[in-house]
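Listed here are the chains, written in short residue letters.
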Amino acid sequence: MDRLDNTIRAYDWGSPTALPELMGTVPDGTPQAELWMGAHPSAPSLVTRGGRPAPLDEVVAADPGAELGDAVVRRFGPRLPFLLKLLAADSPLSLQVHPDAARAAAGHARENAAGVPLDAPHRTYRDAHHKPEMIVALGPFEGLCGFRPARECAGLLDSLGVDGLAPYVRALRSGPEEEALREVFSAFLTSPDPALLAEVGSALGRAARAGGPWRRECAAYEDVARVHPGDPGLLAALMVRWVRLAPGEALFLGAGVPHAYLRGLGVEVMAGSDNVLRCGLTAKHVDVDELLRVVRFAAGPAGVVRPVVLDDGEEVYPAPVDDFRLSRLRPGAARAAYHLDGAGPQILVCTHGRVRLAGRKDELVLGPGASAYVPAGEEVAVTGSGTVFRATVAVGRSAPTGHPQPLRQMNDN
């Protein structure tokens, strides 16, 4: 196994202090948004081979069977199928959706045939893979996830007292659910009115300070309006549920589900893909036509994923994909030691305390923010006192019997 040397991505929305506080480093004044752990070609982790640092993607490509295991190679090809991150948001990210596997493959092939360069700003499908993801909160965490019902959307818009929203309120209250959501979401993205956006931003501030059933949500949306003034994505965001996670709770984000992270620190795992279709709250390219083909206009209660505790004490966060499997280990609290099988490649990251990893030939001690890569076939014992998140693949594993649970309603006081 190898200690990972990882890259921190300094996106504008990142927190200048959250990751340094977790890792015990000195802030440098720049936003430190994401710590990447894995083999993504744009920022692969480094491992030691032959006494020298080597990018993990090159190590995997040199001997995929040994690094990943034959079952993983058969299922995903010669690549590590997941990416693990520590994510620290200090302001809202873009509102976005991800495609399913079939649309990703078709879109990638179509853009290749059209000669669109992979790094072109207007490129939509940069690879042929889907991008499900999951975020586990390490502290209080806020985001937007999934459509609220059409009539609930109408209630929020109506409460703002903005005359220009009246036609959308009527549409949301009159049509069938899916049609109403599609009609209004499409209108918000295709015919933005700068004057209406400014008026809505002001109305959100008034609603947040006036009290009432929507005050906490309006405060969150007001912050979105402040960070992204004049962005038509604000109106689309008003249709997407505000959710707040407690530490240890998670959200799973499947294909076609609109979402945006607003603020907080978390552990994120995702399938290894760059396919993102943005709905707004960004200066990057928004392909509205393709976006509307990908978005799932289905409303329902927002769900929080809570871990399922297995017989050996491992706390697994259920997800309906096999690209990744995320779990939490708490040696010294839940149990004295964990013995991890080597059925597939693993990345382990410590988020609290100090833990010891013992393999057949070597040992590592991890503190907060430190991580390790374990190739397939290597069994590891985890001891110490702290918290470790384990990312691996679900190939060949039975799924834990857990399901997303309804979140607390956020507009109740």
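None of the values given here were measured: they were computed from a predicted structure.

A. Fine view of the layout of surface pockets. Approximately 1,100 Å³ is the volume attributed to the largest pocket. Elements with a minimum of two residues in the lining of the largest pocket: β3 (34–37), β6 (82–89), β12 (259–271) and β13 (277–280). Among the elements that take part in the lining of the largest pocket, β12 stands out by supplying five residues, more than any other. Of the residues belonging to the lining of the largest pocket, the class tally is 17 nonpolar, eleven polar and 13 charged.

B. The pattern of salt bridges, seen in detail. By the definition in use, this model includes 24 salt bridges. In this structure, E34 and K85 form a salt bridge, with 3.1 Å as the shortest nitrogen-oxygen distance. Taken as a pair, E34 in strand β3 and K85 in strand β6 lie far apart in primary sequence, 51 residues in all. Among the ionic pairs, R360 bridges to E378, the shortest N-O distance being 2.9 Å. You can see R360 sitting in the loop between β19 (346–358) and β20 (363–366) and its partner E378 sitting in the loop between β21 (371–374) and β22 (380–392), a full 18 residues away along the chain. Ionic contacts of the salt-bridge type, sharing partners, join the residues R103, R110, E290 and R293 into one network.

C. Main features of the packing of aromatic side chains. Throughout the structure, instances matching the rule amount to six aromatic pairs. Relative to W13, the ring of Y11 has its centre 5.7 Å away and its plane inclined at 35°; by these criteria the two rings are tilted. Given a relative accessible area of 15%, W13 falls into the buried group. Ring geometry for F141 against Y261: centres 5.5 Å apart, planes inclined by 75°, an arrangement best described as edge-to-face. Here Y261 lies in strand β12 and F141 lies in strand β9 (residues 141–147), a separation of 120 residues in the sequence. Given a relative accessible area of 5%, Y261 falls into the buried group. Clustering of aromatic rings is evident, with ring pairs tying together F147, F185 and F297. The residue whose ring lies beneath R9 is W36, and the NZ or CZ to ring-centre distance is 4.5 Å. Against the face of Y338 rests R335, its NZ or CZ located 5.9 Å from the ring centre.

D. Layout of the pairing of strand β17 (residues 325–329). Across the five residues of β17, five count as buried, placing the element largely inside the fold. On β17, burial covers both faces: R325, S327 and L329 on one face and L326 and R328 on the other are all buried. In the sheet, strand β16 (residues 315–317) pairs with β17 via three bridges, with the strands oriented antiparallel. Across the sheet, Y317 pairs through a bridge with L326, a residue of β17.

Criteria and cut-off values
Residues numbered from 1 in each chain as written. Predicted model: local features only at pLDDT ≥ 70, side-chain atom pairs only at ≥ 80, totals over all residues. Heavy atoms only, no water. 1 Å grid on protein atoms, 1.4 Å probe; cavity = no way out; pocket = protein on both sides within 12 Å on 5 of 7 lines; lining within 4 Å. Points joined across faces, edges and corners; volume = space filled by probe spheres on them. Helix = DSSP H or I, 4+ residues; strand = E, 2+ residues; numbered from the N terminus. Nonpolar A, V, L, I, M, F, W, Y, C, P; charged D, E, K, R; others polar. Salt bridge = Lys/Arg side-chain N within 4 Å of Asp/Glu carboxyl O. Phe/Tyr/Trp six-rings, centres within 6.5 Å; stacked < 30°, edge-to-face > 60°. Buried < 20%, exposed > 50% of the residue type's maximum accessible area, 1.4 Å probe, protein only. Lys NZ or Arg CZ within 6 Å of the ring centre and 35° of its normal. Pairing = 2+ DSSP bridges.

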